[in-house]
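What the coordinates show
Chain residues, written in single-letter form:
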Amino acid sequence: MICLENVSKTFTLHNQGSAIIDVISDVSFSVSGGECVALTGASGAGKSTLMRMIYGNYLTQSGAIRIGDVDLVQAEPRDVIALRREVLGYVSQFLRVVPRVPTLEVVADPLRAVGVSAEDASDRAQVLLRQLNIPERLWSLSPTTFSGGEQQRVNIARGFAHAYPAMLLDEPTASLDAVNREIVLSLIEEAKARGAAIIGIFHDEAARARVCDREIDVSRFASGVAA
Amino acid sequence: MTALLSVKDLSKRYGAHIGCADVSFDLYPGEVMGIVGESGSGKSTLLNCLAGHLAPDAGQVVFDTRTDGPKDTVTMSEPERRMLGRTDSAFVHQHARDGLRMGISAGGNVGERLMAVGERHYGDIRGKATDWLERVEIDSARVDDRPTTFSGGMQQRLQIARNLVTGPRLVFMDEPTGGLDVSVQARLLDLLRGLVRDMGLSAIIVTHDLAVVRLLADRLMVMKSGRVVEAGLTDQVLDDPQHAYSQLLVSSVLQV
């Protein structure tokens, strides 16, 4: 489902003396449907960079990143937009929403985007919000004023609303209490059971051991010495 | 899928000075594209050339019209271009006063656009005008008030209602949230987001506010000195800018 071939990434900082930072090079691996793979490595090894390259918000200099039958490295913006709408989900650590939009709509939004009726999308959103213990009295409010943990859970509800065949999870269990952590892990297990290919970054080792089938140490792709 | 707007090598000069040069892109139905850059970078010149308000010196702007399919708006006759600007496309000005008739009522402002495309039944026109005022969250009791009695944010929403009542497929917006306070801006963003999703609208938005672009636009073009220096997915350009100027622009934003 997700397949990386000889992928490399370099940052060029034009306004800081044109410093060139080689982050990772020659990354190749693949993840099949129903599989969850953890990216590991010390802070700064390039886990998040690699994740963002797979989502397409970091540009990849060389190689191929295939998700389904689309190569993200070559794809036109509108193909990437369609891919993200239908195939590739991403749960980031930060919630980014239009202010003033009610939580229920924020969560239902990805479903509305793939053509699900307002009513069905709202039903699914309600199930997820209830599951993730977001009190019903908050549903009509914008999540921008919520606590960090609540925002994180809204973000997860949003990420799991549509059944994406491929998912990227950036620390989905960070800043959650034991009960909610358990719920998120079961959501991940459900997604695996329906055949989603998942790549995740988990600092929580117990969580990683429970849901991940394999680990990929990103530091082995580190590009030698930075220029 | 046919591009809604297909732009090739568009250039506009003001004497020796470059307005915009060699701009090419395709915009597809349902896409929202942002154009950013410092003032004087050619954003508004480009937008006005695309909307047919300014005649470019070279290039093509092929619009997929509802009635006749793809047509170059640069070589179109003036009446044809004006009609297109009422039926298939719309233009939201930065200053609502430029896009509204200040001497006639709010309902009249919306209704006038309907009459321009041939509607004649007073009841229908008033009904649609009232409906649109509500959609942009203006109290329908204000339908007979002049826009001069409205706040800046209300005028901007009225301008949007006036532009969208005829169901355009593409909306050009020049700093639609500029000069509005942030609470009003948030309302307007929410409104635009809903319209884009529910009506399948495409939009080209010129702004210097990167936060607005991130929330509204799928794609982004960065302009400098009349040229497009970088284009791509919005979050890619903002998170991993490649060109020196885009990097400067992104790194100069103050964190709230």
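A brief structural summary. (Residues numbered from 1 in each chain as written. Chains lettered and ligands numbered in written order. Predicted model: local features only at pLDDT ≥ 70, side-chain atom pairs only at ≥ 80, totals over all residues. Heavy atoms only, no water.)

Looking only at helices and strands, chain B features 10 helices and 10 strands. Its C-alpha atoms give chain B a radius of gyration of 18 Å, near enough to 18 Å, the size a compact globule of 256 residues would have. By residue count, 54% of the 256 residues in chain B fall in the buried class. Put simply, of all contacts in chain B between residues at least 6 apart along the chain, 67% involve residues at least 24 apart. Where the 28 positive side-chain charges of chain B centre and where its 33 negative ones centre are 5 Å apart. (Helix = DSSP H or I, 4+ residues; strand = E, 2+ residues; numbered from the N terminus. Rg over C-alpha atoms; globule rule 2.2 N^0.38 Å. Buried < 20%, exposed > 50% of the residue type's maximum accessible area, 1.4 Å probe, protein only. Contact = heavy atoms within 4.5 Å. Lys, Arg positive; Asp, Glu negative; His and termini not counted. Charge placed at Lys NZ, Arg CZ, Asp CG, Glu CD.)

Before going further, it helps to spend a moment on the pattern of salt bridges. Oppositely charged side chains are able to pair whenever their charged atoms sit close together. Evaluated as defined, the whole model comprises 28 salt bridges over all chains. A salt bridge links Arg181(A) to Asp204(A), with the nearest nitrogen and oxygen atoms 2.4 Å apart. In this pair, Arg181(A) sits in helix H6 (residues 178–193) while Asp204(A) sits in the loop between strand S8 (197–201) and helix H7 (205–211), placing the two residues 23 residues apart along the sequence. In this structure Asp204(A) comes out as partly exposed when scored by relative accessible area, which is 22%. Its salt-bridge partner being Arg142(B), residue Asp145(B) comes within 2.7 Å of it at the nearest N-O pair. (Salt bridge = Lys/Arg side-chain N within 4 Å of Asp/Glu carboxyl O.)

Summed over all chains, the structure comprises three aromatic pairs over all chains. For the pair Phe11(A) and Tyr58(A), a centre-to-centre distance of 5.5 Å together with 90° between the ring planes defines the contact as edge-to-face. Of this pair, Phe11(A) sits in strand S1 (residues 2–13) while Tyr58(A) is found in the loop between helix H1 (47–55) and strand S4 (62–67), placing the two residues 47 residues apart along the sequence. According to the relative accessible area criterion, Tyr58(A) is buried, its value standing at 11%. An angle of 35° between the planes, with centres 6.3 Å apart, marks the rings of Phe91(B) and Phe172(B) as tilted. (Phe/Tyr/Trp six-rings, centres within 6.5 Å; stacked < 30°, edge-to-face > 60°.)

Attention now moves to the sheet that holds strand S1 (residues 5–14) of chain B. Residues and elements named next belong to chain B. Here four strands make up an open sheet; going across it, the order is S2-S1-S4-S5 and the pairing antiparallel. In the strand order of this sheet, the two ends are held by strand S2 (17–27) and strand S5 (69–72), each with one partner. The average angle at which neighbouring strand axes cross in this sheet is 20°, direction not considered. Bridging between strand S4 (residues 58–65) and S5 involves four bridges; their strand directions are antiparallel. Counterpart to Val62 in the pairing with S5 is Asp72. Relative to the sheet, helix H1 (residues 43–50) contacts S1, S2 and S4, its axis offset from that of S1 by approximately 125°. (Pairing = 2+ DSSP bridges. Axes fitted to C-alpha atoms, helices over the stretch in contact; angles between N-to-C directions.)

Moving on, we come to the environment of Arg146(B). All names here are of chain B. For Arg146, the location among the structural elements is in the loop between helix H5 (122–135) and helix H6 (152–164). By relative accessible area, Arg146 is classed as partly exposed at 46%. Not counting chain neighbours up to four residues away, the residues in contact with Arg146 comprise Met102, Gly103, Ile104 and Ser105. Reaching out from Arg146, the side chain makes a polar contact with the backbone oxygen of Gly103 at a distance of 3.3 Å. (Polar contact = N/O pair within 3.5 Å; in protein donor to acceptor, adjacent residues only side chain to side chain.)

Further remarks concern the environment of Asn57(A). Note that Asn57(A) resides in the loop between H1 and S4. Among the residues examined, Asn57(A) registers a relative accessible area of 5% and is labelled buried. Once the C-alpha coordinates of Asn57(A) and Val80(A) are considered, the two residues, 23 residues apart in sequence, prove to be 9.9 Å apart. Residues within four places of Asn57(A) in sequence aside, it is in contact with Arg52(A), Arg84(A), Asp235(B), Gln236(B), Asp239(B) and Asp240(B). Of note is the side chain of Asn57(A), whose polar atom sits 2.9 Å from the side chain of Asp239(B).

Residue and element names in this part refer to chain A. Strand order in this open sheet of five strands is S6-S7-S8-S3-S9, and the pairing throughout is parallel. Of all strands in the sheet, those with a lone pairing partner are strand S6 (88–91) and strand S9 (214–217), marking the two edges. Recorded for the sheet is a direction-independent mean angle of 20° between the axes of neighbouring strands. Where strand S3 (residues 36–40) and S8 come together, three bridges link them in parallel fashion. Residue pairing across strands places Cys36 opposite Ile198, the latter belonging to S8.

Attention now moves to the packing of helix H4 (residues 106–116) of chain B against H6(B). All names here are of chain B. Between H4 and H6, the least distance of the axes is 7 Å, while the angle of their chain directions is 25°. Relative to H6, H4 is oriented roughly parallel. When you trace H4 past H6, the crossing you get is right-handed. Here Ala106, Asn109, Val110, Glu112 and Arg113 of H4 lie close against H6, whose contacting residues are Leu158, Ala161, Arg162 and Asn163. A breakdown of the residues in the contact of H4 with H6 according to their chemical character gives four nonpolar, two polar and three charged. (Parallel < 35°, antiparallel > 145°, perpendicular 65-115°, else oblique. Left-handed = near helix turned anticlockwise from the far one by under 90°. Nonpolar A, V, L, I, M, F, W, Y, C, P; charged D, E, K, R; others polar.)

Before going further, it helps to examine the interface of chain A and chain B. Opposite the 26 residues of chain A that make contact, chain B presents 25 residues. Across the chain A to chain B interface the summed buried area is about 2300 Å²; carbon plus sulfur atoms make up 54%. Applying the counting rule to chain A against chain B returns five salt bridges. In this structure, Glu137(B) and Arg100(A) form a salt bridge, with 3.4 Å as the shortest nitrogen-oxygen distance. Our count for the chain A to chain B interface comes out at 10 residue pairs in polar contact (both at pLDDT 80 or more). Listing elements by their share of the side of chain A that touches chain B, those giving two or more residues are S1, helix H2 (77–86) and helix H3 (103–113) of chain A. Among the elements that make up the side of chain A that touches chain B, the one with the highest residue count is H2(A) (five residues). (Buried area = accessible area lost by both parts, 1.4 Å probe.)

Moving on, we come to the state of the cysteines. What we call a disulfide is simply a covalent bond connecting the sulfur atoms of a pair of cysteines. Residues and elements named next belong to chain B. Overall, the coordinates contain zero disulfides over all chains when judged by the stated rule. Unpaired in terms of disulfides, Cys20 finds its nearest cysteine sulfur in Cys49, a separation of 4.8 Å. Cys20 gets classed as buried once you look at its relative accessible area, which sits at 1%. (Disulfide = S-S within 2.5 Å.)

This part takes up empty space enclosed by the protein. Residue and element names in this part refer to chain B. Scanning the model with the defined rule gives two cavities of 30 Å³ or more in all. Roughly 70 Å³ of internal volume is contained in the largest cavity. Looking at the largest cavity, the residues that line it are Leu5, Leu50, Ala51, Gly52, Val61, Phe63, Thr73, Arg81, Leu84, Gly85, Ser89 and Phe172. At the level of secondary structure, the elements contributing two or more residues to the lining of the largest cavity comprise S4 and helix H2 (78–87). (1 Å grid on protein atoms, 1.4 Å probe; cavity = no way out; pocket = protein on both sides within 12 Å on 5 of 7 lines; lining within 4 Å. Points joined across faces, edges and corners; volume = space filled by probe spheres on them.)

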